[in-house]
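Listed below, chain by chain, are the residues.
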Amino acid sequence: MTERLDRIEAILERTAQRAEANTIAIEANATAREADRVAIAATIEADRVAMNQLRSTVNSLVQVVEIHQLNHEATQRNFEGIVTELREIRTEIRGLRTETQRILEHLFGRQENGES
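This write-up is about the structure you can find in this document. (Residues numbered from 1 in each chain as written. Predicted model: local features only at pLDDT ≥ 70, side-chain atom pairs only at ≥ 80, totals over all residues. Heavy atoms only, no water.)

### Considering the pattern of salt bridges
Filter applied, for reference: The term salt bridge refers to a pairing of a side-chain nitrogen on Lys or Arg with a carboxyl oxygen on Asp or Glu at a separation within 4 Å. Numbering of helices and strands runs from the N terminus, with a helix taken as a DSSP run of H or I at least four residues long and a strand as a DSSP run of E at least two residues long.
Throughout the structure, instances matching the rule amount to 3 salt bridges. Where Glu34 meets Arg37, a salt bridge forms, and the shortest distance between an N and an O atom there is 3.0 Å. You can see Glu34 and its partner Arg37 sitting in helix H1 (residues 2-115), 3 residues apart, about one turn around the helix. A salt bridge links Arg102 to Glu99; its shortest N-O distance comes to 3.7 Å. Of this pair, Arg102 and Glu99 both sit in helix H1, separated by 3 residues, roughly a single helical turn.

### Considerations on a positive patch on the surface
Under the convention used in this document: Only residues whose relative accessible area exceeds 30% and that form no salt bridge are eligible for patches; like-charged ones are grouped when within 9 Å, while nonpolar side chains (Val, Leu, Ile, Met, Phe, Trp, Tyr) are grouped when within 5 Å. Shrake-Rupley sampling with a 1.4 Å probe provides the accessible areas, and residues are treated as covered by the protein chains on show and by no other component. In summary, the charge assignment counts Lys and Arg as positive and Asp and Glu as negative, without counting His or the chain termini. A charged residue contributes its charge at one atom only: NZ of Lys, CZ of Arg, CG of Asp or CD of Glu. Each residue gets one of three labels from its accessible area relative to the maximum for its type: buried under 20%, exposed over 50%, partly exposed in between, using a 1.4 Å probe on protein chains only.
Among the surface-exposed residues, Arg87, Arg90, Arg94 and Arg97 lie close enough to one another that they form a single positively charged patch. Here Arg87 is to be found in helix H1. Its relative accessible area of 56% is what places Arg87 among the exposed residues.

Written out as structure tokens, the structure is:
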């Protein structure tokens, strides 16, 4: 009977040790889970901050693009105006050439007629 009680006591001792080890493991897991929660929360917050910065950067870039688009449109209108003015100047130059040629022909024609 003593032998049997000794075995029961040994089994109870091992069970108590296992229960203690399990309790320690459960507490360690709970601590690890809490650490994981904290790490995940920190990661989420960092991602939120990064997304806000990205959103702000994108908004700034859109504003820059809009300003450049307006400047491009103004430059395009100015360019088209300059091209129109150049065409008008060319037309005037052609007219002046024609008129100058007539004047020269008239002058040289008279001189030739006067000399003849």
